[in-house]
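# Observations on the three-dimensional arrangement
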Amino acid sequence: MAPAVCRTLLGLALYAGSLCAAGSAAFLYHDYCVIGAGPSGLQMAYFLQQASRDYVVFERSHAPGSFFALYPRHRKLISINKQYTGKSNSEFNLRHDWNSLLSHDRRLLFRHYSRDFFPNADVMVRYLEDFASLLKLQVQYNTAIVHVTLEKDEQAWNGHYFLLTDQDRQNYKCSSLLIATGTWVPNVVNFPGSEYVEGYETVSINPEDFAGQTVLILGRGNSAFETAENILGVTNFIHMVSRSRVRLSWATHYVGDLRAINNGLLDTYQLKSLDGLLEGDLEDLAIVKDKKGKLHITLRFYLENRNTSAGSDSITLPQDELDNFATRAPYDRVIRCLGWKFDFSIYNRSLRMMPGKGNKKKYPQIKPSYESRSTRGLFVLGTASHSVDFRKSAGGFIHGFRYTTRAVHRLLENRHHGVPWPSIVYPITQLTNSIIKRVNEASGLYQMFSVLADIILLRENATTFEYLEEYPVGVLAELETQTGRKAPNGLFVIIMEYGRNFSGADKDVFYYNRAVGEAQHAWQSNFLHPVIYYYKHLPTEREMRLRPPDWPLPRPDAVHHIVEDFLTDWTAPNAHILPLRRFLENCLGTDLRNFFAESCFLFAFTRQKLPPFCGQGYLRMQGLVGSEGLRRHAVEASLLEDYTPNDFSGDKAPDSPEGSQDQLLRDHVIPVRPLQHLVNAKDEL
């Protein structure tokens, strides 16, 4: 009996083991899983591939960029494609190329695909296909991830694995999950009669279908104005209603607000050509369809208080009580253009993917590091990560999130592979030049203003510094753990900012004397300009939380604004470079200028502390070296007396010890000449 029991138990154990093995085999494992092969998903795939990491990208469609295959409906992008800038610097040119992804392949610049300033969306689809194929990215097409959950495991990178299931019930397991699906679910407002509303995603794009019709558009973003622009010339009139007022991108400096390319209806409204804008809460509205098929706008209040037994003819319309009610004319069509939101439906509750609050509820909640607030190892990329800088910077658009995606990759490299954030060490004398070079060239700082920053870590005694590019300022307090770099001796933070009182829907950004030109008033600059923050110590988490409203960073020990420039060219010696150098010198208590050797020689006798350039020069054996040429130069500069004899008499040779001694005894005292001009005239800014 006992042996039989033992055999039974052994059989059960082997059977259970085989189930585990089978279950394990059912999951295809990758270190990194990327959901979505849009621009941000492909951008992350590129960085993972360059680092030789184990990854896969899941794409539900048969090709990358499926969103751009459908939208915008009228096919014209609003991301600029500037062919010429007058400069050959590729990094600078990316400031004005809003469509290219980052790569080493110069063929994959968008200007090679289109010469249009506002390209066609079909070109973007072709560009993304080439980006994926030419770089041989690991994209698994026709794979729709329909469910994501967690599996706890202490051996995993983040204490758990992510388990993914596709439409064919194939399972995948990964250590880190990168969500790049964008926002593609249409925003819908439900109110009585909303079944009569057509969606932006399905409405006809043929203007002739609207000939002679009266149209109401719900929404006031670029998709709403894009739709209106398409039918503006054939309709009777167009009304547009939304809760918020019109926000013009040139007033708010936010690229997601209404762009000039789509705002023709503003002209016809303000010039009284029948079209118009209205403000109202869409949830308070109701639509009633009459017997002729016309759509009437009423208020939910009237609909809810009507006598239901009396039929639709008993519904009170606002014009019954107010005969000049704005929307008293019936409409032929009502179109919904309310934008998009993130798809939360595929994520199990174990991931705790929560929507944001207020106007950020269409995005998932994430940290400034782009990691989920609730689940370690889950990062959100691209448009869906825009909650970090919504209505501020360009993080929801290609020209912004190509840089935030790179920042996320660098964070992952440090966390999981021990690869510190890339940095370069320079001598302190290169501090001014390094900052000037970056603020004049860097595209990441320029596009992701107030979000990404260059960090300068000072080494001991401030003789050298370490330069880190494009770090997310929202996690500045975590810099040492996130980058693998140390900041014990203070740091500078370089970001780009607009004037704090210059941007806004209600601001007049064209007022007279709007620009600041004097360096002493640089702190009042309105347009985008560099700002340098100096901290003696790395800010703490508490200081980051308590920073002043609308400040990207806590109060620094010192701050310097480089005055705005009409050409965005911060190279003026007196207006830009000199004030910056003096600010840096005041922070460091040292002289950052470069000097000629004779000036350093003079300082050795006249100053207690040599400028760093002189000290570094001597260490590199670049000090004064005795030579006939240098002696002649010193004589001409009045640093040395000319001892060369012009005439010799007597029996002694001129080079004999006795002759030399006699000559020295006869020499008079060397007069001291004014030497200050050597320092002033030959110093470099």
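Remember, it's a predicted structure, so these values are computed and weren't measured experimentally.

## Here we look at the overall build of the protein
- Counting secondary structure elements, the protein contains 21 helices and 22 strands.
- Within the protein, the proportion of its 685 residues that are buried is 49%.
- In the protein, 66% of the contacts between residues at least 6 apart in sequence involve partners at least 24 apart.
- Here the protein displays about 34,400 Å² of accessible surface, and carbon together with sulfur accounts for 52% of that area.

## Digging into the side chain of S385
- Structurally, S385 can be placed in the loop between β16 (378–380) and α11 (398–417).
- Given a relative accessible area of 1%, S385 falls into the buried group.
- Once you skip the residues sitting within four places of it in the chain, S385 turns out to touch I366, Y370, V380 and G395.

## Section: the nonpolar core
- Within the largest apolar cluster, 69 residues are counted, with the highest numbers of intra-cluster contacts made by L164 and L177.
- Grouped together as the second largest cluster of nonpolar side chains are 29 residues, Y446, F449, Y467 and F583 included.

## Considering the pattern of salt bridges
- Applying the stated criterion to the full structure yields 21 salt bridges.
- Between R438 and E470 there is a salt bridge, with its nearest N and O atoms 3.3 Å apart. Of the two residues, R438 is situated in helix α12 (residues 431–441) and E470 in strand β19 (residues 464–472); the sequence distance between them amounts to 32 residues. In this structure, R438 and E470 share a single accessibility class: buried.
- In this structure, the salt-bridge partner of D591 is R593, at a minimum N-O distance of 2.8 Å.
- A relative accessible area of 18% means that R593 is categorised as buried.
- Here the salt bridges do not stand alone but share partners, grouping R406, R438, D454, E469 and E470 into one network.

## Topic: helix α16 (residues 573–588)
- When the terminal C-alpha atoms of α16 are compared, their 21 Å separation across 16 residues agrees well with the 22 Å that a helix rising 1.5 Å per residue should span.
- Along α16, the positions that sit buried rather than exposed are H576, I577, L578, L580, R581, F583, L584, E585, C587 and L588.
- Turning to α16, the residues buried within the fold contact α12, β18 (452–458), β20 (491–497), β21 (529–535) and β22 (558–561).
- In the stretch just after α16, G589 is the one whose phi turns positive, near 65°.

## A closer look at helix α6 (residues 222–231)
- Buried residues dominate α6, accounting for eight of its 10 residues.
- Three or more residues of α6 are buried, namely N222, S223, A224, F225, E226, T227, A228 and I231.
- Where the residues of α6 are buried, they touch β9 (214–218), β10 (237–242), α8 (264–270), β11 (276–279) and β14 (333–336).

## Let's talk about the sheet that holds β21
- Strand order in the open sheet formed by six strands is β17-β19-β18-β20-β21-β22, with antiparallel pairing between adjacent strands. Each edge of the open sheet carries a strand with a single partner, namely β17 (423–427) and β22. Across this sheet, the average inter-strand angle for adjacent strands is 20°, counted without regard to direction.
- Pairing analysis gives six bridges linking β18 to β19, with the strands arranged antiparallel. Within β19, the position partnered with L452 by the bridge is P472.

## Points about the sheet that holds strand β8 (residues 198–199)
- With parallel pairing, five strands are arranged side by side in an open sheet as β8-β14-β9-β10-β11. The open sheet has two free edges, formed respectively by β8 and β11, since each of these has just one partner strand.
- The sheet contact formed by β9 and β14 spans four bridges and is parallel. When the bridges of β14 are listed, V215 appears paired with R333.
- Strands β9, β10, β11 and β14 of the sheet are contacted by α6, whose axis makes an angle of about 175° with β10.

## Overview of the environment of L265
- Note on placement: L265 falls in helix α8.
- L265 gets classed as buried once you look at its relative accessible area, which sits at 1%.
- As for L265 and F225, which are separated by 40 residues in sequence, their C-alpha atoms are 7.3 Å apart.
- In contact with L265, other than residues within four places in its own chain, are F225, A228, E229, L232, I238, M240, D275, G276 and L277.

## Examining the side chain of D166
- Position of D166 among the secondary structure elements: in strand β5 (residues 160–166).
- An unpaired buried charge is present at D166: no salt bridge exists, and R169, the closest side chain of opposite charge, is 8.3 Å distant.
- A polar side-chain atom of D166 sits 2.9 Å from the main-chain amide nitrogen of D168.
- Side-chain polar atoms of D166 contact the side chain of Y172, separated by 3.0 Å.
- Those residues in contact with D166 that lie beyond four places of it in its chain are T143, A144, I145, V146 and Y172.

## A look at the confidence of the model for the protein
- The pLDDT averaged across the protein works out to 86; a share of 85% of its residues lies at or above 70.
- Per-residue pLDDT stays below 50 along residues 1–25; that stretch engages in zero contacts with residues further than four places along the chain or on separate chains.
- The low-confidence segment residues 648–654, where pLDDT is below 50, has two contacts with residues more than four positions distant or belonging to other chains.

## Points about the pairing of β10
- Among the six residues in β10, six count as buried, and that is most of the element.
- Side-chain alternation along β10 places F237, H239 and V241 on one buried face and I238, M240 and S242 on a second face that is also buried.
- In this structure, β9 lies alongside β10, joined through five bridges in parallel fashion. Residue pairing for β10: T214 is matched across the bridge by F237.

What counts as what
Residues numbered from 1 in each chain as written. Predicted model: local features only at pLDDT ≥ 70, side-chain atom pairs only at ≥ 80, totals over all residues. Heavy atoms only, no water. Helix = DSSP H or I, 4+ residues; strand = E, 2+ residues; numbered from the N terminus. Buried < 20%, exposed > 50% of the residue type's maximum accessible area, 1.4 Å probe, protein only. Contact = heavy atoms within 4.5 Å. Areas by Shrake-Rupley, 256 points an atom, 1.4 Å probe, with all protein chains shown as cover. Core = buried A, V, L, I, M, F, W, Y, C linked by side-chain atoms within 4.5 Å. Salt bridge = Lys/Arg side-chain N within 4 Å of Asp/Glu carboxyl O. Expected span 1.5 Å × (residues − 1). Pairing = 2+ DSSP bridges. Axes fitted to C-alpha atoms, helices over the stretch in contact; angles between N-to-C directions. Lys, Arg positive; Asp, Glu negative; His and termini not counted. Polar contact = N/O pair within 3.5 Å; in protein donor to acceptor, adjacent residues only side chain to side chain. pLDDT = per-residue confidence, 0-100.

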